[in-house]
Amino acid sequence: MSTEKKRSRASSWRKYGPPLLLISPSVILIGIFVYGLIAANTITSLSDAHTVAQYNGVKETSFVGFENYKFLFGDPDFQHSLINLLLFTVAFLLGTLILGFLWAWLLERPIKGEGFFRSVFLFPMAVSFIASGVVWKWLLNSGTGEQAKGLNRLFQMLGLGFLENSWTANITFGVVAVALPAIWQLSGYVMALFLAGFRGISDDLREAGRVDGASEWQLYKHIIFPQLSAVALSAIIIIGHMALKSFDLIMAVTDQRTYSTKVPAIDMYNYMTSGDYANAAAVGTILLVIVAVMVVPYLIHDAKKRK
């Protein structure tokens with residue numbers, strides 16, 4: 001090997017070697033415990049692990065292809081879970097975006113006690129989904145009349161008995177009721193995102209618009225709102241993928257046996273606890289694909305935008 005090539009390799013190692021050594025532990029761990037386990041889960045979903053025969057502690061499985069996926073998508077219960085997931089995601093997204101934006105819009109204007117209100121709106125984020133779920137389970141009690149508790153009892157006391165509801169027991173929209181505590185917890189986070197977006201808009205742009213004769217509505221429509229589109233997209237991606245993976249909050253408010261609030265994550269839990277590992281893995285893979293369809297285009301768009 002020529003001296004020039006040796007020098008070139010030594011130079012390349014000095015340039016790229018230390019950074020590669022620095023990130024290699026993370027790359028190895030992510031490769032094993034993220035992508036490796038994703039691959040293992042996918043392989044399990046293509047097997048008959050739900051009919052495993054055990055001999056002397058050794059599990060024997062066979063490859064069945066996409067039979068588990070055909071079973072799931074043909075199962076009315078799983079179809080109901082997918083519909084519930086869609087309803088929950090839409091309600092969760094709309095609720096957090098609307099409330100978060102309104103709170104940010106109010107705080108964006110100079111008001112007294114802004115720090116206090118900002119803390120109040122953000123406080124629910126500090127509470128775990130399990131803890132808030134226990135409280136909301138009581139608030140969303142489906143009892144009516146003399147058995148009324150929580151919100152239904154409050155409506156009775158205020159003379160608003162017509163607002164009493166079966167909440168999570170409602171077969172069609174029960175899962176939308178579960179979105180209420182989720183909206184309560186995450187609206188403050190969306191508010192923080194939008195508030196940062198508002199504060200990132202230069203005052204010079206606002207003044208220039210006013211000098212040109214723009215009304216406040218025109219100012220927001222043509223100057224402020226367009227610059228908040230990136231913030232809105234980020235909020236949709238973050239809240240959307242959290243909604244798709246929701247499990248602990250729904251389990252805390254109801255339980256895995258409640259048909260009206262069943263979502264795919266709960267189906268996965270039920271399959272696992274019953275020993276049906278293949279269908280549990282298939283549900284997990286389906287959720288992964290749904291999240292990827294939502295997140296990957298955003299990551300690609302963001303990467304192109306940075307170039």
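Residues numbered from 1 in each chain as written. Predicted model: local features only at pLDDT ≥ 70, side-chain atom pairs only at ≥ 80, totals over all residues. Heavy atoms only, no water.

A.B. asks: Would you take a moment to explain the environment of Glu146 for this structure?
C.D. replies: Within the element layout of this structure, Glu146 appears in the loop between α5 (129-139) and α6 (150-157). Judged by relative accessible area, Glu146 falls into the exposed class, the value being 82%. Linking Glu146 and Gln156, residues ten residues apart in sequence, is a C-alpha distance of 9.8 Å. (Helix = DSSP H or I, 4+ residues; strand = E, 2+ residues; numbered from the N terminus. Buried < 20%, exposed > 50% of the residue type's maximum accessible area, 1.4 Å probe, protein only.)

A.B. asks: What am I meant to see in unusual backbone geometry here?
C.D. replies: Keep in mind that most residues, glycine aside, have a negative phi and that most peptide bonds are trans. Positive phi, normally seen in glycine, also occurs at Trp167, with a value near 50°. Judged by its relative accessible area of 13%, Trp167 falls in the buried class.

A.B. asks: Help me understand the packing of helix α8 (residues 203-211) against helix α9 (residues 216-227) in this model?
C.D. replies: Two elements in contact, α8 and α9, have axes whose closest approach is 10 Å; the angle formed by their N-to-C orientations is 145°. Here α8 and α9 pass one another in a crossing that is right-handed. Contacts between α8 and α9 involve Leu205, Arg206, Gly209 and Arg210 from the former and Glu216, Leu219, Ile223, Ile224 and Gln227 from the latter. Taken together, the residues that form the contact of α8 with α9 break down as four nonpolar, two polar and three charged. (Axes fitted to C-alpha atoms, helices over the stretch in contact; angles between N-to-C directions. Left-handed = near helix turned anticlockwise from the far one by under 90°. Contact = heavy atoms within 4.5 Å. Nonpolar A, V, L, I, M, F, W, Y, C, P; charged D, E, K, R; others polar.)

A.B. asks: Before we go on, may I ask you to explain the packing of aromatic side chains in this structure?
C.D. replies: The relation between two aromatic rings is expressed through the spacing of the ring centres and the mutual angle of the planes. By the definition in use, this model includes eleven aromatic pairs. Plain terms: the ring middles of Phe66 and Tyr69 are 5.9 Å apart, the flat faces sit at 50° to each other, and that makes the pair tilted. By relative accessible area, Tyr69 is classed as buried at 11%. Relative to Phe92, the ring of Phe88 has its centre 5.7 Å away and its plane inclined at 50°; by these criteria the two rings are tilted. Linking Phe88 with Phe92, this pair stays in helix α3 (residues 76-108), spanning four residues, or about one helical turn. Here Phe88 falls in the buried class, since its relative accessible area comes to 0%. On the accessibility criterion, Phe92 (1% relative accessible area) is buried. Clustering of aromatic rings is evident, with ring pairs tying together Phe101, Phe194, Phe198, Trp217 and Phe225. (Phe/Tyr/Trp six-rings, centres within 6.5 Å; stacked < 30°, edge-to-face > 60°.)

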